[in-house]
Amino acid sequence: MQFCLELAILAARAGGQHARLNRHRSSDVHKAFAHDIKLQLDLECQARVVDTIQRHAPTHAILAEEDEGDVAALPGGPARASARAADAPLWIVDPIDGTVNYFHGLPMWCCSVAVQQGGRTLAGAVYAPDLGELYTATADGPALLNGEPLRTSETATLEDAIFLTGLSQKNESDAVPATLVERLAQSVQKIRVLGAAALDICRVARGHADAYWEPAIHLWDMAAAGLIAERAGARTTVLSRRGTRVSFVATNAHIHDAVTQLLTARHSP
Ligand code: LIP
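Residues numbered from 1 in each chain as written. Predicted model: local features only at pLDDT ≥ 70, side-chain atom pairs only at ≥ 80, totals over all residues. Heavy atoms only, no water.

Student: Which parts of the structure should I look at to understand the packing of aromatic side chains?
Tutor: Ring pairs (aromatic) are described by centroid distance and by the angle formed between their planes. Evaluation of the coordinates by the stated rule reveals two aromatic pairs. Their ring planes at 70° and their centres at 4.8 Å tell us that Y102 and W109 sit as a pair that is edge-to-face. Y102 gets classed as buried once you look at its relative accessible area, which sits at 0%. Looking at R13, its charged tip hangs above the ring of Y127, at a distance of 5.0 Å from the centre. (Phe/Tyr/Trp six-rings, centres within 6.5 Å; stacked < 30°, edge-to-face > 60°. Buried < 20%, exposed > 50% of the residue type's maximum accessible area, 1.4 Å probe, protein only. Lys NZ or Arg CZ within 6 Å of the ring centre and 35° of its normal.)

What follows is the structure, given as structure tokens:
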């Protein structure tokens, strides 16, 4: 477990530092979409993360966002072509989570690295260089921010809750219905959309937010941060799966039932 944690940290730092040191090239777009972009640096940071992992764990498999074309992005599915034995640990990588934030110079972006075995997340690291934040956890240890323990908030009602979400517009089926946004806005203290799922989930772990939900994120967005949140006392739920995307909730546990009821009520995705 300790080896996995130290390698997750080393790999996340390798990817995050490369993005931070190459900020001047953040506008090198690899592919542009209607509401998203893939940067050349996404690919380069991923290469550094993968190289770090392969140097220290050559027999392990790797599932990485920028390889999306040739992997099934959920546990139990085929990992990338370089996969090893069926029971090999699987590393799950999002080299730059919050790519559009990074492209525009906003600090809410991070490099997320997790490792699973048999579908169980063993360790995870979420590194946000512009914020000076390194979130870590193992399956049997505490959630830490820069080495200090994390605890979720004590907020006990929706009315007092900060609710983080994402308004992914990648395609119609991923959109959050306006009626649901309205219902959420009327039910919680404030909704915030900050643009990086892994960091949002870590903010629930840190107690700076009380709930996070997005209807369609990938495993690499939430694998590391989901473990960190759980080890900090959060409850997490996959409400539904649609292809390679999941509807994922993380809360401070106190308001989990209220949040999941709100999200699963009629007319919710
Ligand atoms: C992003 C997520 C964010 C979501 C965006 C995007 P990326 O990941 O972290 O929560 O709302 O649509 O998917 O693409 O920047 O790695």
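Student: Looking at this structure, how should I read the sheet that holds strand β6 (residues 120-128)?
Tutor: The strands that make up a sheet are held in pairs by hydrogen bonds between backbone atoms, and each pair lies either parallel or antiparallel. Read from one edge of the open sheet, seven strands run β3-β4-β5-β6-β7-β8-β9, paired in mixed fashion. The sheet terminates laterally at β3 (61-64) and β9 (148-149), the two strands that pair on one side only. Pairing geometry for strand β5 (residues 110-117) and β6, over seven bridges, is antiparallel. Looking at the pairing, V115 lines up with A123 of β6. Against the sheet, helix α2 (residues 40-56) touches β3, β4 (90-97) and β5, its axis set at about 150° to β4. Strand contacts of helix α5 (residues 197-206): β4, β5, β6, β7 (133-138) and β8 (144-145), with the helix running at about 75° to β7, the strand carrying the most contacts. (Pairing = 2+ DSSP bridges. Helix = DSSP H or I, 4+ residues; strand = E, 2+ residues; numbered from the N terminus. Contact = heavy atoms within 4.5 Å. Axes fitted to C-alpha atoms, helices over the stretch in contact; angles between N-to-C directions.)

Student: I tried to follow α5 on my own but got confused; where do I start?
Tutor: Every α-helix carries 3.6 residues per turn, so stepping three or four residues along brings you back to the same face. Burial runs high along α5: nine of the ten residues are buried. Listed as buried for α5 are A197, A198, L199, D200, I201, C202, R203, V204 and A205. Of the residues trailing α5, G207 is marked for its positive phi of about 85°.

Student: Explanation requested: the pattern of salt bridges in the structure shown.
Tutor: A pair can form between side chains of opposite charge whenever their charged atoms are brought close. Per the counting criterion, the structure on display carries six salt bridges. The closest approach of N and O atoms between E44 and R25, which form a salt bridge, is 2.3 Å. Linking E44 in helix α2 with R25 in the loop between α1 (2-21) and β1 (29-33), this pair joins segments that are 19 residues apart in sequence. Among the ionic pairs, D51 bridges to R55, the shortest N-O distance being 3.0 Å. In this pair, D51 and R55 are both assigned in helix α2, four residues apart and thus about one turn of the helix distant. (Salt bridge = Lys/Arg side-chain N within 4 Å of Asp/Glu carboxyl O.)

Student: Would you take a moment to explain the sheet that holds strand β13 (residues 235-242) for this structure?
Tutor: Taking strand neighbours across the sheet as the criterion, the five strands line up as β11-β10-β12-β14-β13 in an open arrangement whose pairing is mixed. Each edge of the open sheet carries a strand with a single partner, namely β11 (190-192) and β13. The average undirected angle you get between the axes of adjacent strands in this sheet is 15°. Here strand β12 (residues 211-217) pairs with strand β14 (residues 245-251) via five bridges, running antiparallel. Of the residues in β14, the one forming a bridge with I217 is V246. The strands that helix α4 (residues 178-187) touches are β10 (162-165), β11 and β12; relative to β11, the one it contacts most, it runs at about 130°. Against the sheet, α5 makes contact with β10, β12 and β14, and its axis sits at roughly 155° relative to β12, the strand it touches most.

Student: Is there a simple way to think about unusual backbone geometry in this case?
Tutor: Across residues other than glycine, the phi torsion is negative in most instances, and most of the peptide bonds are trans. Look at N146: it is not a glycine, yet its phi comes out positive at around 50°. For N146, the position within the fold is in the loop between β8 and β9. Despite not being glycine, A253 has its phi angle at roughly 80°, a positive value.

Student: Would you take a moment to explain the packing of α5 against helix α6 (residues 219-231) for this structure?
Tutor: How two helices pack is summed up by the angle between their axes together with the distance between the axes. In contact at an axis separation of 8 Å, α5 and α6 are set at 5° when each is read in the N-to-C sense. In terms of axis orientation, α5 runs roughly parallel to α6. Contact with α5, carried on its side by A197, A198, I201, C202 and A205, involves D221, M222, A225, G226, I228 and A229 of α6 and no other residues of that element. Taken together, the residues of the contact of α5 with α6 break down into nine nonpolar, one polar and one charged. (Parallel < 35°, antiparallel > 145°, perpendicular 65-115°, else oblique. Nonpolar A, V, L, I, M, F, W, Y, C, P; charged D, E, K, R; others polar.)

Student: How do you make sense of the environment of Q186 when you look at a structure like this?
Tutor: Here Q186 lies in helix α4. In this structure the C-alpha to C-alpha distance between Q186 and L158, which are 28 residues apart in sequence, comes to 9.7 Å. Within polar-contact distance, the side chain of Q186 engages the side chain of E182 at 2.6 Å. (Polar contact = N/O pair within 3.5 Å; in protein donor to acceptor, adjacent residues only side chain to side chain.)

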